[in-house]
Each structure stands twice: as C-alpha cells, then as structure tokens.
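Analysis of the macromolecular model
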Amino acid sequence: MWRRVIRLSVTAAALLFAPAAGAEVRFDAETTPPQIRSSSPDEVTYRIRIQTDAAPAEFRIAEEPPTWATRADVRPGTPARHIGSELEGPGRLIFATVHGDPGPLPARAGLILPGNVPIGSGPMITDQRLSIPAHSSSTLVSRWTLSQHPPFSFTDYRPVLRAEGTGISQRIMLPKPRIVGPTGVPLRLLRDGPRRAGRTQRIRGRTDPQLAGQTIVLRLFGPVSWDDPTVVPKTQDFRTLARVKVNRLGYYDVDWKPRHGGQYGAYPSFLGKAAFRLRDHGCPIPLKVR
C-alpha cells in the first residue's frame, strides 16, 4: 500500500509578535532519541530551551519540514511531519494548524499517480507563536512523527526552525539524529519525452552504484486514455514489466514495446536482498505513449 504523504510549509506572511525593546532571547536544543534505526522509533522530539533577559519576548517560530532528497521523483513528500507542541515553564504558546484540503479530483483526468495527487487549497500550514516573560527559562517541546519509509543513509529528519520577530531573526540549530542499521535505497526512473506505440524504447533508471549486480524490478500500470475517468492506481494494480541488473555506475534499463497509446505509470522496486539494505521502491513517473 502506498503510504500517505503529507507536505508541510510555513508562510513568512504569518502574524508576527514583536519582542519588547532591548529584549534578548537565547535558544539551545536537544533531540530524543539521538539515533534512528530504520523507521523505529516512529517519533522524534526536539526540546528547545528559551531564555529571556530583563524584558519579555513575543515571537513566532517558522518551520520548514525536512525533505527526502533534492529530486521529487526519488521519494515525494517529507520524512517527518509535525504532530504537536507544548510549552514547559512560564509563558504562553499559541499553536494553530491550518490544513489545506485536497481539492476534488477531476472527473476525467485519465491517470494520476500516487504521490502526484493535486492539492486544492494548498499544503498544511503550521504557526507557533510564543510569549515568554522576562527573566525566564522555558522549553518548547516539538514532536515529529516519522515516515514509515526506511531512511536513506543521508536522511536528515530535522526540520529547519527559525525564530522571527522584531529584533529577532535566528535559526534554531537542532542536533541531528544519527541513522544506524539497514537503510532504504534511492531509486528513480529517468524521464524522457513522449513515446510511440509499436516502437521499442528504453526505460532507464538509476540507484546507488553500491548495488551493482543487484536486481531491480520495474513495475508498470496502464494504459489509461486521457478521456477515461480519473484513475489513481494502488501498488497491487501495477504489474511486473521486467527484472534488470544494476550496472557498476548504478544505472539499469529495459527495452519496452507498448502496443497501445495512452498514459502509463512505472516505478522501480528493490526487494531488499543486499546487506544493510531494506526493501524499497521509487516514486512512480508518467510514461506518455502516442
């Protein structure tokens, strides 16, 4: 089953609170647990200590969620999402979450692939605003749930937090949880232009060169006409197109001869038989055949 993907963002235009003139605020943080093994535990907690001087401070903390990789077709969405905050110690936390509801899918859009469902009114917006009295030490406890996808060796679960207000503009540095144990596999298919029915063409992909000699399974769905009712396929709806070997540079490919035009979807899958690698799959991409 495709796992749910939730995207988070914060708009800089959100309401700001200004600290009193001359106020100074200091931040330091700790991360629990300090290391992540696969996708267990399923939560990470960041404790941000906030210290004020002789003046009270009112400000907001802007959040930028982490990302899996620089390419959306490796894995969409975010490896962690914010699920709650609370303030320990003196002060007041105003925490609001505004959900962007997915708009209704068009009645006739042909194929829409998992991870590419259009968003209607925008992504989820989170806004944390704090009011801390003078001469105080308080702790903002921020909890994040982790994706069920296995981490990559380079996955950084940390959000980017920045305190913003009049006289305050500071990034809050969070300790990075260390990834230990088996990891997932970055897999992607390379996009090409429209293809022609009845002609042999190549589907190419790339992964970690350390998987040279390992087998990648290419899965395919379609065809779906552009005039057909909207279809969002599930994992079990895809069929195996081919099993291919990874070369020493991390590339793999297969020749494909579609007999019919329309919209197809394809994704690569790794069955997890290499040491220290877990079962994983890449994001589906569209294949258009004329």
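Note that the structure is a prediction, hence the values are computed from the model and not measured.

**Remarks on the pairing of strand β18 (residues 262–270)**
For β18, the tally of buried residues reaches 9 of 9 residues, placing the bulk of the element in the interior. The pairing of strand β15 (residues 215–224) with β18 spans 7 bridges and is antiparallel. Its bridge partner lying in β18, Val217 is registered against Ser269. Here β18 pairs with strand β20 (residues 285–289) via 5 bridges, running antiparallel. Within β20, the residue paired with Ala266 across the bridge is Ile285. Taken together, the 2 bridges between β18 and strand β19 (residues 280–281) define a ladder with antiparallel strand orientation. Among the inter-strand pairings, Ser269 is bridged to a residue of β19, identified as His281.

**A closer look at the nonpolar core**
Counting residues in each nonpolar core, the largest one holds 25 residues, and the members touching the most others are Phe27, Ile48, Ile50, Phe59, Leu130 and Ile172. Looking at this core, the elements with two or more residues in it are β2 (25–32), β4 (43–52), β5 (57–64), β6 (80–88), β8 (124–132), β9 (137–146), β10 (160–165) and β11 (168–172). Broken down by element, the residue count for this core peaks at 4 residues, all from β4. Beyond its immediate chain neighbours, meaning those up to four positions away, Ile50 contacts Val25, Arg26, Phe27, Phe59, Leu130, Ile132, Ser136, Ser137, Ser138 and Leu140. Counting residues in hydrophobic clusters, the runner-up holds 21 residues, among them Ile216, Leu218, Val244 and Val246.

**A closer look at the pairing of β11**
The pairing of β10 with β11 spans 5 bridges and is classified as antiparallel. Residue pairing across strands places Ala163 opposite Gln170, the latter belonging to β11. Taking the residues that link successive antiparallel strands as the turn, the β10-β11 hairpin has 2 residues, and the phi of Gly167 there is positive, at about 85°.

**Thoughts on the sheet that holds strand β17 (residues 251–256)**
Across the sheet, 3 strands lie side by side as β13-β14-β17; this open sheet has antiparallel pairing. Every interior strand has two partners, whereas the edge strands, β13 (188–189) and β17, have only one. In terms of strand pairing, strand β14 (residues 201–206) meets β17 through 6 bridges, oriented antiparallel. Note on β17: the bridge partner recorded for Arg202 is Asp255.

**Comments concerning the environment of Ile50**
With respect to the helices and strands, the residue Ile50 is situated in strand β4. Along the primary structure Ile50 and Val25 are separated by 25 residues, whereas in three dimensions their C-alpha atoms are 6.7 Å apart.

**What about unusual backbone geometry?**
Geometrically, the link from Thr32 to Pro33 is a cis peptide bond, its omega value of -5° lying close to zero. Assignment of secondary structure puts Pro33 in the loop between β2 and β3 (35–37). Residue Pro223 is bonded to the preceding Gly222 through a cis peptide linkage, with omega at 10°. For His135, which is not a glycine, the phi torsion comes out positive at approximately 50°. Secondary-structure assignment places His135 in the loop between β8 and β9.

Reading the values: the criteria
- Residues numbered from 1 in each chain as written.
- Predicted model: local features only at pLDDT ≥ 70, side-chain atom pairs only at ≥ 80, totals over all residues.
- Heavy atoms only, no water.
- Buried < 20%, exposed > 50% of the residue type's maximum accessible area, 1.4 Å probe, protein only.
- Helix = DSSP H or I, 4+ residues; strand = E, 2+ residues; numbered from the N terminus.
- Pairing = 2+ DSSP bridges.
- Core = buried A, V, L, I, M, F, W, Y, C linked by side-chain atoms within 4.5 Å.
- Contact = heavy atoms within 4.5 Å.

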